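Below, each chain spelled out in residue letters.
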Amino acid sequence: MTAIGEDDLVCDFAETYKILNIRELPASLLATLAAGLPEDSRIKSRMSRKDNEPAVKNDTLLLARIADLLALIVWSRTEDGQKGKNKPKSIVSIMLGKNDESDNDMELFDEPDEFKRAWEQAGGGVIGNGD
């Protein structure tokens, strides 16, 4: 862990265990305490993410996704939304450093039957008629 991010580990130990000098600890105790750090600790977050991926906590991503979906719902009710123009940017994509908005694509339908056909073609199964 020290090779991956010694400063992160030092901060985590100071915050969690009030230990400021990790070098004074025996390696076995250091390993035990490091394993006991919370999953959202700095060092565990650094270890779990891919190269050059920004550090974003799961609860923050979830809130951003909720905001994205709310923005899409509001946008879909506007004149621009009806025409498929000026779609709001995805906060999640920005947070993750992605320029690809493919997860934000929305297909609009004028009639329920159009939606049903597209749903069935996408493998979503047959939609009942509400009886």
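Before reading further, recall that the structure is shown in the block above.
Residues numbered from 1 in each chain as written. Predicted model: local features only at pLDDT ≥ 70, side-chain atom pairs only at ≥ 80, totals over all residues. Heavy atoms only, no water.

(A) Structural detail: a nonpolar patch on the surface. A contiguous nonpolar surface patch, about 330 Å² in accessible area, is contributed by Leu62, Leu63 and Ile66. Along the polypeptide, leucine 63 turns up in helix α4 (residues 58–76). (Patch = residues over 30% accessible without salt bridge, like charges linked within 9 Å, V, L, I, M, F, W, Y side chains within 5 Å. Areas by Shrake-Rupley, 256 points an atom, 1.4 Å probe, with all protein chains shown as cover. Salt bridge = Lys/Arg side-chain N within 4 Å of Asp/Glu carboxyl O. Helix = DSSP H or I, 4+ residues; strand = E, 2+ residues; numbered from the N terminus.)

(B) Fine view of the nonpolar core. Counting residues in each nonpolar core, the largest one holds 8 residues, listed as Leu9, Phe13, Ile22, Leu30, Leu33, Ala34, Leu37 and Ile43. Those elements that place two or more of their residues in this core are α1 (2–17) and α2 (27–35). No other element matches α2, which puts 3 residues into this core. (Core = buried A, V, L, I, M, F, W, Y, C linked by side-chain atoms within 4.5 Å. Buried < 20%, exposed > 50% of the residue type's maximum accessible area, 1.4 Å probe, protein only.)

(C) Fine view of the packing of aromatic side chains. Counted by the stated rule, this structure contains 2 aromatic pairs. Geometrically, the ring pair formed by phenylalanine 13 and tyrosine 17 is edge-to-face, given 5.3 Å between the ring centres and 65° between the ring planes. Pair noted here: phenylalanine 13 and tyrosine 17 are both in helix α1, with a separation of 4 residues, about one helical turn. Here the aromatic rings of phenylalanine 115 and tryptophan 119 are separated by 5.9 Å at their centres, their planes lie at 35°, and the arrangement is tilted. Of this pair, phenylalanine 115 and tryptophan 119 are both found in helix α7 (residues 112–121), 4 residues apart, which corresponds to roughly one turn of the helix. A residue is classified by how much of its surface remains accessible, and phenylalanine 115, at 35% relative accessible area, is partly exposed. With relative accessibility at 38%, the residue tryptophan 119 sits in the partly exposed group. (Phe/Tyr/Trp six-rings, centres within 6.5 Å; stacked < 30°, edge-to-face > 60°.)

(D) A look at unusual backbone geometry. Its identity is not glycine, yet lysine 18 carries a phi of approximately 60°, on the positive side. Summarising the element assignment, lysine 18 is placed in the loop between α1 and α2. The class of lysine 18 is exposed, set by a relative accessible area of 64%.

(E) A look at the side chain of serine 41. Within the secondary structure, serine 41 sits in the loop between α2 and α3 (42–48). For serine 41, a relative accessible area of 6% puts it in the buried group. Only 2.9 Å separates the side chain of serine 41 from the backbone oxygen of proline 38, close enough to count as a polar contact. (Polar contact = N/O pair within 3.5 Å; in protein donor to acceptor, adjacent residues only side chain to side chain.)

(F) Seen up close, the environment of alanine 118. Structurally, alanine 118 can be placed in helix α7. What makes alanine 118 partly exposed here is its relative accessible area of 23%. Here the alpha-carbon distance between alanine 118 and glutamate 107, two residues 11 residues apart in the chain, equals 9.6 Å.

(G) Examining the pattern of salt bridges more closely. For the structure shown, the criterion picks out 5 salt bridges. For the salt bridge of aspartate 12 with arginine 42, the shortest nitrogen-to-oxygen distance reads 2.9 Å. In this pair, aspartate 12 sits in helix α1 while arginine 42 sits in helix α3, placing the two residues 30 residues apart along the sequence. Where glutamate 39 meets lysine 44, a salt bridge forms, and the shortest distance between an N and an O atom there is 3.5 Å. Residue classification places glutamate 39 among the exposed positions, given a relative accessible area of 63%. Connected through salt bridges with shared partners, the residues Asp12, Glu15 and Arg42 form a single ionic network.

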